[in-house]
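Descriptive structure summary
Chain by chain, the residues run as shown.
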Amino acid sequence: MTSRSLRVLFVSSEAAPLIKTGGLADVSAALPGALRRIGVDARLLLPGYPQVLAALPHARYATDLHGFNGLPPARLLAAELPNGVPLWVIECAELYQRGGGPYQDDARLDWPDNAQRFGLLSRVAALLGCADTPLSWHPDVVHCNDWQAGLAPAYLHFARGAAPSMMTIHNLAFQGIFPPHSVQALGLPPACFSPEGVEYYGNLSFLKAGLFYAHHITTVSPTYAQEIQHEPLGFGMQGLLAVRHDQLTGILNGIDSVDWNPATDPHLARNYDAASLGKKAANKRELQKRMGLAVDEEVPLFGVVSRFTYQKGIDVILELLPRLLEMPAQCVLLGSGEAALQQAALDLSHRHRGMLGAYIGFDEALSHLIEAGADMFLMPSRFEPCGLNQMYSQRYGTPPLVHATGGLADSVVDCSAATLADGTASGFMCTEVTPASLWGAVQRAVAAYRDRKTWRAIQKNGMAKDFGWEKSAAEYAAIYRRLVA
Ligand code: ADP
Ligand code: GLC
């Protein structure tokens, strides 16, 4: 790194492997790492949840944080992620030291003090990015991710000597909406509670604040950047996003190609690469055994790893499953989320013992084995800002079946005579999230699977694709440079 490289404070509410509920965690660890490899001094700011503090026993005291009226006093600790990215953690027992998850309690109810919890994250980010920072390291850009960091651009807007801010949308469906009195409680100037500010249909929206005040907005795929400028995927923000379209860029996420490499993945029964795809079968056997399925090399095995929510089209998968299993085919489901979907998955797996395995929970190791052991991966999301699993599965020679939306449309090439001929076919797409449309893609996939030569070609096309972070990191760096210039 040169003596004065560009400095970026990356603000996020999760980062793998310390705390993870979804893809934001993967991106928050991998993107700063990739930025550092191209000479950007990227550092991370994260709330000090118990899981984070426990994983960082050697974290060092950095500074006290107080004087935020309405918010409890806190301390900043310094540490590093396992991939070497420098990290600041906000230690504040009153707001973060508790059981449950980062956003919700064990009953999946939002924490009632989320406005304070993520108000503090945003406020600390803004403090570190302005002239009053207690640290000697001063960022050139503050890069905020999702609603939890959305107030930082607003605080920065009103601060002295503030760095420019960038807001990245990972999912517009989550907007951080709180009652109007939160504006004053969080120390924002009352005048910013207007449509030309943080107000959103009579409430405070953290995400709206970020989208309004940030100097630049990015989202995690080019197609999603277009989709969110219109209904329905704009989720109410389409007007603002369309007005700001000149400052809105879609940059496709990469994947961590060290963690997600079938040749070295420690979670597999047997490692393999594109030249030794025959060894993939050992993972299918292991997955079938582990999930209580009949061990059968020939039957097509579908895999799902997902949050169980409406976004992901899990309901449509469940509706189609009885027909799919009759083909015959097998399926494994790994995920957690809405209670009704979890229960429906378990009920179905009891009715179809030996053909359908469901595991409700979060299991990193099993998610890797599913990517390797399944023959194909199901991901019919209703919307998908980027999506990571469809990229993991292509890298693992497990062609994905996806809905043509967002990052899925940008990272999967639908199999057709033309795409087989030009060597780009890497998966299968449905055009609607309905059982009928998904069934069409399933039938095309199973027909291709039965034709071994075609199947090998599709697998190898996917495995040959470059999903590394290098190109995307360079695009982020180019925007940072424009903001600083
Ligand atoms: P989203 O962030 O919307 O949930 P992504 O596809 O971007 O979707 O990222 C999801 C990430 O979370 C992937 O790394 C996926 O493997 C992981 N994941 C989701 N559910 C589980 C689970 N139940 N167990 C293990 N990993 C999971
Ligand atoms: C969100 C999106 C997902 C994306 C991830 C990381 O959780 O739902 O599509 O891949 O963020 O950007």
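Described below are features of the structure shown in this document.

Rules of the game
Along each chain, residue indices are assigned from 1 in the same order as the chain's sequence is written. The order in which chains are written sets their letters, starting at A; the order in which ligands are written sets their numbers, starting at 1. Where totals are concerned, whole chains, interfaces and linings use all residues; where local detail is concerned, this predicted model gives features only for residues with pLDDT of at least 70, and gives and counts side-chain atom pairs only at 80 or more. Each side-chain value is worked out from all heavy atoms of the structure, with water and hydrogens disregarded. Any cysteine sulfur atom paired with another within 2.5 Å is treated as part of a disulfide. Nearness is judged by heavy atoms alone; a residue qualifies as near a molecule or strand once a single heavy atom is within 4 Å of it. Polar contacts here mean pairs of N or O atoms no more than 3.5 Å apart (in protein, one a potential hydrogen donor and the other a potential acceptor; neighbouring residues in sequence count only if both atoms are side-chain atoms). Exposure was quantified through the Shrake-Rupley algorithm and a 1.4 Å probe, taking into account, for residues, occlusion by the shown protein chains and nothing else. Here a strand is any run of E in DSSP of at least two residues, a helix any run of H or I of at least four, and the numbering for each starts at the N terminus. Three classes are used, and their members are as follows: Ala, Val, Leu, Ile, Met, Phe, Trp, Tyr, Cys and Pro are nonpolar, Asp, Glu, Lys and Arg are charged, and the others, Gly among them, are polar. To estimate how far a helix should extend, the number of its residues minus one is multiplied by 1.5 Å. Think of it in three bands: with a 1.4 Å probe and only protein chains considered, a residue is buried below 20% of the maximum accessible area for its type, exposed above 50%, and partly exposed in between. What makes two residues a contact is simply this: any of their non-hydrogen atoms within 4.5 Å. Two strands are said to pair when DSSP picks up at least two bridges between them. By definition, the crossover connecting two strands over a helix is right-handed if that path, from the first strand to the second, turns clockwise as seen with the strands pointing away from the viewer.

Before going further, it helps to examine the state of the cysteines. Under the counting rule described, the total for this entry stands at zero disulfides. Its sulfur unpaired, Cys92 is 19 Å from the next cysteine sulfur, which belongs to Cys130. Looking at the unpaired Cys192, the closest cysteine sulfur is the one in Cys144, lying at 15 Å.

The environment of ligand 2 is made up of 13 residues, and the closest members are His170, Asn253, Glu384, Cys386 and Gly387. Backbone polar atom of Cys386 to an oxygen atom of ligand 2: 3.0 Å apart, as the coordinates give it. At 2.7 Å from an oxygen atom of ligand 2 is found a main-chain nitrogen or oxygen belonging to Gly387. Here ligand 2, which alone exposes 310 Å², has 93% of that area covered by the protein. Considering every element that reaches the shell around ligand 2, the biggest residue donor is helix H1 (residues 23-37), with three residues. Within the shell around ligand 2, the residues separate by chemical class into five nonpolar, six polar and two charged.

Okay, helix H18 (residues 452-464) next. Taking 1.5 Å as the rise per residue, H18 with 13 residues should run 18 Å; its terminal C-alpha atoms sit 18 Å apart, in good agreement. Thr454, Trp455, Ile458, Gln459, Asn461, Gly462 and Met463 are the residues of H18 that are buried. Looking at the buried residues of H18, the elements they touch are helix H10 (280-290), strand E16 (376-379), helix H14 (389-395), helix H16 (417-421), strand E18 (428-430) and helix H17 (435-450).

Before going further, it helps to examine the environment of Gly23. Inspection of the secondary structure assignment puts Gly23 in helix H1. Distance from Gly23 to Ala344, taken between C-alpha atoms, is 25 Å for residues 321 residues apart in sequence.

This next bit is on the site of ligand 1. In the neighbourhood of ligand 1, 21 residues make up the surrounding shell, with Gly23, Arg307, Lys312, Gly361 and Leu388 lying closest. One nitrogen or oxygen atom from the main chain of Asp363 is found 3.0 Å from a nitrogen atom belonging to ligand 1. Isolated, ligand 1 exposes 560 Å² of accessible area, and the fraction of that covered by the protein chains is 93%. Listing elements by their share of the shell around ligand 1, those giving two or more residues are H1, strand E13 (301-308), strand E14 (330-337), helix H13 (364-373) and H14.

Here the focus is the side chain of Ser393. On the secondary structure map, Ser393 appears in helix H14. Accessibility expressed as a relative area gives 0% for Ser393, which makes it buried. Each residue touching Ser393, except ones within four places of it in the same chain, is listed here: Glu371, Phe377, Thr398 and Pro400.

The next point concerns the pairing of strand E7 (residues 165-169). Where burial is concerned, most of E7 is hidden: five out of the five residues are buried. Burial of E7 is two-sided: the residues Ser165, Met167 and Ile169 facing one way and the residues Met166 and Thr168 facing the other way are all buried. Across four bridges, strand E6 (residues 141-145) lies against E7 in parallel orientation. What sits directly across from His143, in E7, is Met166. Remark: the E6/helix H5 (residues 152-157)/E7 crossover connection has right-handed handedness.

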